[in-house]
Amino acid sequence: GHYVRSKAELLIDNWLYVSKIVHAYERKVPNIDEDILSDFYIPTGKVFIEYWGLDDEKYLAKKKWKLGIYNKNKIDLIELTEKDVANLDDTLAAKLRKFQVLIE
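Here the structure is a predicted model, which means the values were calculated and not measured.

Colleague: Can you lay out unusual backbone geometry for me, pointing to particular residues and giving the numbers?
Modeller: A positive phi angle, near 60°, is found at Lys20, a position not held by glycine. By secondary structure assignment, the location of Lys20 is in the loop between helix H1 (7-18) and strand E1 (24-25). Look at Lys20 and you get exposed, because its relative accessible area is 59%. Notably, Gln100 is not glycine yet its phi reads approximately 60°, a positive angle. Checked against the element boundaries, Gln100 lands in the segment after helix H4 (88-97).

Here it is, written out as structure tokens:
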């Protein structure tokens, strides 16, 4: 039901839906001074998900900036790469368990 920006985000969104994990797409990160959107937010674990899909210089600078904000504000974050998306059943499931998000 979400309009996403890439095939990888579509795979992540569909995986979360099929796994019956309540999630939001492009949610504004609350309670911080900066205005950033996360790729996904999982309210049951209070954890944000970022998919890092590009590696050009401008994108890497934005990634570094966003990671700095997450770290500075002590915000729980799951990072996914193209390799992770190729095997979401193992990678994302394991990363979500660290935040007590159970998969059905």
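Colleague: Residue-level account of the pattern of salt bridges, with values.
Modeller: Applying the stated rule across the entire model yields five salt bridges. Its salt-bridge partner being Glu34, residue Lys72 comes within 2.8 Å of it at the nearest N-O pair. Placement of Lys72 in helix H2 (residues 57-72) and of Glu34 in the loop between E1 and strand E2 (40-42) is noted, with a sequence separation of 38 residues between them. Exposure remark for Lys72: the relative accessible area of 54% places this residue in the exposed category.

Colleague: Which residues make up the nonpolar core, and what values go with them?
Modeller: Core analysis: the biggest nonpolar cluster contains 20 residues, and Ile12, Leu16, Leu92 and Leu96 have the highest contact counts within it. Contact partners of Leu92, with chain neighbours within four places excluded, come to Ile12, Trp15, Leu16, Ile49, Ile78 and Leu80. The next biggest cluster of nonpolar side chains, apart from the first, holds nine residues, and it includes Val29, Ile32, Tyr41 and Tyr70.

Colleague: An account of the side chain of Ser38 is requested, with residue identities and associated values reported.
Modeller: You can see Ser38 is positioned in the loop between E1 and E2. Leaving out residues up to four positions away in the same chain, Ser38 has contacts with Glu26, Arg27, Val29, Phe48, Ile49, Glu50 and Tyr70.

Colleague: Go over the pairing of strand E3 (residues 47-51), please, and point to the residues and values.
Modeller: For E3, the buried fraction is high: five of the five residues fall into the buried class. Judged from the three bridges that link them, E2 and E3 form a sheet pairing that is antiparallel. Bridged to Phe40 within E3 is Ile49. In this antiparallel pair of consecutive strands, E2 and E3, the connection spans four residues, and Lys46 shows a positive phi of 50°. Direction of pairing for E3 relative to strand E4 (residues 77-80): parallel, over a ladder of four bridges.

Here is what the cut-offs are and how they apply
Residues numbered from 1 in each chain as written. Predicted model: local features only at pLDDT ≥ 70, side-chain atom pairs only at ≥ 80, totals over all residues. Heavy atoms only, no water. Helix = DSSP H or I, 4+ residues; strand = E, 2+ residues; numbered from the N terminus. Buried < 20%, exposed > 50% of the residue type's maximum accessible area, 1.4 Å probe, protein only. Salt bridge = Lys/Arg side-chain N within 4 Å of Asp/Glu carboxyl O. Core = buried A, V, L, I, M, F, W, Y, C linked by side-chain atoms within 4.5 Å. Contact = heavy atoms within 4.5 Å. Pairing = 2+ DSSP bridges.

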